Amino acid sequence: MTTAAISAVPVRTGGWRSRLRRRRPVLNVVLALIAIFWLVPSIGLLVVSLRPESAFTQSGWWTVLTAPSRLTIQNYTTLFSQGLRPGGLLDSLITSAVITVPTTILVTSLSSLAAYSLVFGRWRGRDAVFLVVVALMVVPVQMALLPVASLYKLFGSATGFNPFGTVVGVVIFHVAFGLPFGIFLMRNFYNGIPRDLLEAGRIDGAGEWKLFRRVVLPLGVPAAASLAIFQFIWVWNDLLVALIFLGGNAHAPLTVFLFDQVRELASNYWIVSTGGIISIIVPLIVFFSFQRYFVRGMLAGAVK
Amino acid sequence: MLSGRTFGLRRPSTARAVAVPVPAPDTPLGAAPLAMAKQPGGGGGWRSHTGSLLFILPAAIFLGAIVVYPLVATLVRSLFDNNNGSSFVGLGNYKEIFATDDILIGLRNNVIWVIVFPFTVTFLGLVFAVLTERIRWATAFKTVVFMPIVFSLTASALIWRAVFDLDPHVGMVNAAVQTVSDVFNPPGLYPIDKSAGQSLSNLASTNVAATASATLQSTSTVSSGGVAKLGLVGISPFTLQMLNAQKVQVPSAASGGVVGVVWRDFSPTHVGVKGTVFPDEDGLPSLHVSLLRSDGSSAATATTGLNGAFHFDNVGQGQFHVQVDSSNFGSGFTGISFLGTQSITPTASLSRTAQALLSVPLVDIAMIIAMLWIWAGFAMVAIGAGLASLNREVLEAAHMDGATEWQTLRRVTIPMLLPVLIVVFVTMLINVLKIFDIILNMPPGTSQQDASTLALLIYNTGFTANPATGLASALCVLLFILVIPAMLLNLRRIRGT
């Protein structure tokens, strides 16, 4: 785990920075309070998930500060002991992964290919195509929901497989809407690779696929990692697309699982808080493992 | 290029080995200029053209079928009717948007979000970015504030729904308000929960009646040397247990004073018999009682003992009423409905359309706070990256010239940061125009409609049991039109440089 990504500038000795960082007790206290304020809501969710179901409306979660022994992992064992029951927590966790992993792989690889073509290809109109891609980055997903649903239906009546209501339908939609940003990010990165590197290969008779595979793809790993991490977390956290394209499918991702539970919040907050923590843990692990890549993807995606 | 430093990145060895100028952005947008090196020669022939064209084909198919075609289809669909889309209605759906109060509520909320959120979050990000430059534990601070971004909006909405819960036993904010409120307006030991249908007159049983000023008063009068007995019912055994109540005991009369008892007028052995003090009945402890003269002024005050008895000494002449004070029954603070529909602008007396346009429901404010919690970290890190890439020499020069930190910030740093601030602002603008997950998950069902936005309206109009497809498509187009300025800005930035 690295924490380097978030700190924008390495500490330098002397000069500007050390003068900035002279002792400022008031500022330190104020920022510490803000940090606590930022942490407390999440801690609340965690504590609620670790308290017995009956305790929820009897006393605030903060009362555990005086009696921490009352914490239990009962809620987690209860939910996971239901096993793979469709619509259960474990089933949702798996569904989330089944949607997210293929989407991430597809977006990253298709974006890399397309970006290669946009940067190193020798066809006319590449700049125009890139501008179209940039324009598509801000298109709201809502624009496409209804037409794609009927497109899926059409596809179903033609081939016998209707992607609507299946994980496939969700993945296809996510891939398409992940591509504009993916191509944008990869293209900007590839644009910095010297063309001489490829020209040398071309003279040696290497084909486009070989150049992509052997030269550009390895060089583009940092950007591809940023894209993949960003995409993973984006899709993992999606609610709307899954809600619509899974229709009434019993296997729903974690966000839909939570959404379904929220409607009866008061009575089952133990499920909601436990499921919430589970849904948070995965992106948190990804975030802390690949922090610098995620932050870079996030900043590059400042237009999405 | 400073890309590596800007994002705290160490370049991977592969890239360093060939000394590739990593084009990670100097601005958070990461836009490399379009101007490209001209391809040498024109050569390669048709085969190499098709080779690299094939690479873009899969992406083109996805984008064409799932993004571009639907764009056009939705545009067309918005001009047709709501049923099966067979009859052309022109701009009819668009007219309906602006003639429907429920939709206007959503548009009004979008306006509130757009006015309040992008500015506030950019400001907060700037403040955090500038302040963290001045502490030694900046990385820890930034990590904590940035973290909520990786949570799903659904999970964050749940977190904040609990934070703002009405019940002070659940909602942290209401618990905090309650703690403060109890100092000034403490709840009584015998609280009346009006929302549960309780009232003071339900408590009166023997020789007492509720008054207009929320007290209980003895119906008969008593004079010096007398004994007053006040019977109440409807007190829960749990309350008595909490207060350590003992069996009732009527004190003996004292000359020059008034004594008496307040007791629970219910005997398990004499069910239904009121007005008699039985030895198995409980006294009501810790009640504040007053002795009132006939003109209503207070002659003396006392507190009942564990057996319900009270004593007023040396009361003087006259006829008195015994009063059980209102402070005993105060319910104290019962929670602010932060997720409710109450408007913070005074629109209650206006017409429904005017309300739809001018109200600012409390739940909007609660949701904006939640969104600030989610996005301030992004604004902070983006602006922090911008700060780090500023020209230090200019800042040093300002310092040398005797500028204070505040002057440097206002006159030098912020103007230099302006491009980054605009990027963050526009990003957050697009973000709240599309806001959906928070609206769907944070307000309870009762305030959902007052909290709705365009994106939620689209969901509710187009994807319910009876979808109004034409209207939903028109709403989609409206949302799209609203993000077009941001799209043009992106395009200009990318072409411009």
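Criteria and cut-off values
Residue numbers here run from 1 along each chain, matching the order of that chain's written sequence. Whichever chain is written first is A, and whichever ligand is written first is 1; the rest continue in order. For a predicted model such as this one, the threshold for reporting local features is a pLDDT of at least 70, and the threshold for listing and counting side-chain atom pairs is 80 or more; totals across whole chains, interfaces and linings nevertheless cover every residue. Side-chain numbers here rest on the full set of heavy atoms in the structure, without hydrogens or water. We call two residues in contact whenever any of their non-hydrogen atoms come within 4.5 Å of each other. Here's the idea: put two parts together, see how much 1.4 Å probe accessible area each one loses, and the total over both is what we call buried area. Here a salt bridge means any side-chain nitrogen of Lys or Arg lying within 4 Å of a carboxyl oxygen belonging to Asp or Glu. Polar contacts here mean pairs of N or O atoms no more than 3.5 Å apart (in protein, one a potential hydrogen donor and the other a potential acceptor; neighbouring residues in sequence count only if both atoms are side-chain atoms). A domain assignment, automatic or from a database, supplies the domain bounds used here. Two rings from Phe, Tyr or Trp (for Trp, the six-membered ring) form a pair when their centres sit within 6.5 Å of each other. Planes less than 30 degrees apart are called stacked, planes more than 60 degrees apart edge-to-face, and all others tilted. Burial here depends on accessible area, computed with a 1.4 Å probe over protein chains only, as a share of the maximum for the residue type. Under 20% is buried, over 50% is exposed, and the range in between is partly exposed. Every axis in this analysis is a line fitted to C-alpha atoms, fitted for helices over the stretch in contact. Angles between the N-to-C directions lie between 0 and 180 degrees. In this description a helix means any DSSP run of H or I spanning at least four residues, a strand means any run of E spanning at least two, and both kinds are numbered starting from the N terminus. Should an angle fall under 35 degrees it is called roughly parallel, over 145 degrees roughly antiparallel, and 65 to 115 degrees roughly perpendicular, with every other angle called oblique. Working rule for handedness: look at the near helix, and if it is turned counterclockwise from the far one by less than a right angle, call the crossing left-handed; if clockwise, right-handed. Note on residue classes: Ala, Val, Leu, Ile, Met, Phe, Trp, Tyr, Cys and Pro are nonpolar, Asp, Glu, Lys and Arg are charged, and everything else, Gly too, is polar.

Caption draft 1: Main features of the interface of chain A and chain B. Counting from both sides, the interface comprises 121 residues of chain A and, opposite them, 128 residues of chain B. Contact between chain A and chain B buries roughly 11400 Å² in total, counting both sides, with carbon and sulfur atoms accounting for 74%. At the surface where chain A touches chain B, the tally comes to 1 salt bridge. The closest approach of N and O atoms between E405 of chain B and R24 of chain A, which form a salt bridge, is 2.8 Å. Counting the contacts that link chain A with chain B gives 11 residue pairs in polar contact (both at pLDDT 80 or more).

Caption draft 2: Here's a closer look at the domain arrangement of chain A. Residues and elements named next belong to chain A. We note that the domain assignment places domain 1 (14-72) and domain 2 (81-298) within chain A. Taken together, the contacts link 6 residues of domain 1 with 9 residues of domain 2. Counting each side, the surface lost to burial between domain 1 and domain 2 is near 670 Å², with a carbon and sulfur contribution of 78%. Summed over the shared surface of domain 1 and domain 2, the number is 0 salt bridges.

Caption draft 3: A look at the packing of aromatic side chains. Counting across every chain of the model gives 37 aromatic pairs over all chains. Geometrically, the ring pair formed by W61 of chain A and W62 of chain A is edge-to-face, given 5.8 Å between the ring centres and 75 degrees between the ring planes. When its relative accessible area of 12% is taken as the criterion, W61 of chain A is described as buried. These aromatic residues form a ring-pair network of at least three members: F37 and W38 of chain A together with F128, W137, F141, F151, W160, F164, F338 and W373 of chain B.

Caption draft 4: Looking closely at the packing of helix α4 (residues 89-120) of chain A against helix α5 (residues 126-136) of chain A. Residue and element names in this part refer to chain A. Two elements in contact, α4 and α5, have axes whose closest approach is 9 Å; the angle formed by their N-to-C orientations is 140 degrees. Overall, the two elements α4 and α5 adopt an arrangement that is oblique. Considering only the axes of α4 and α5, their crossing is left-handed. Of the residues in α5, those in contact with S117, L118, V119 and F120 of α4 are R126, V129 and F130. Counted by class, the contact of α4 with α5 contains 5 nonpolar, 1 polar and 1 charged residues.

Caption draft 5: Geometry of the environment of A114 of chain A. With respect to the helices and strands, the residue A114 of chain A is situated in helix α4. Spatially, the C-alpha atom of A114 of chain A lies 8.7 Å from that of M186 of chain A, the residues being 72 residues apart in sequence. When near neighbours in sequence (up to four residues on either side) are disregarded, A114 of chain A contacts I183 of chain A together with F55, I56 and A59 of chain B.

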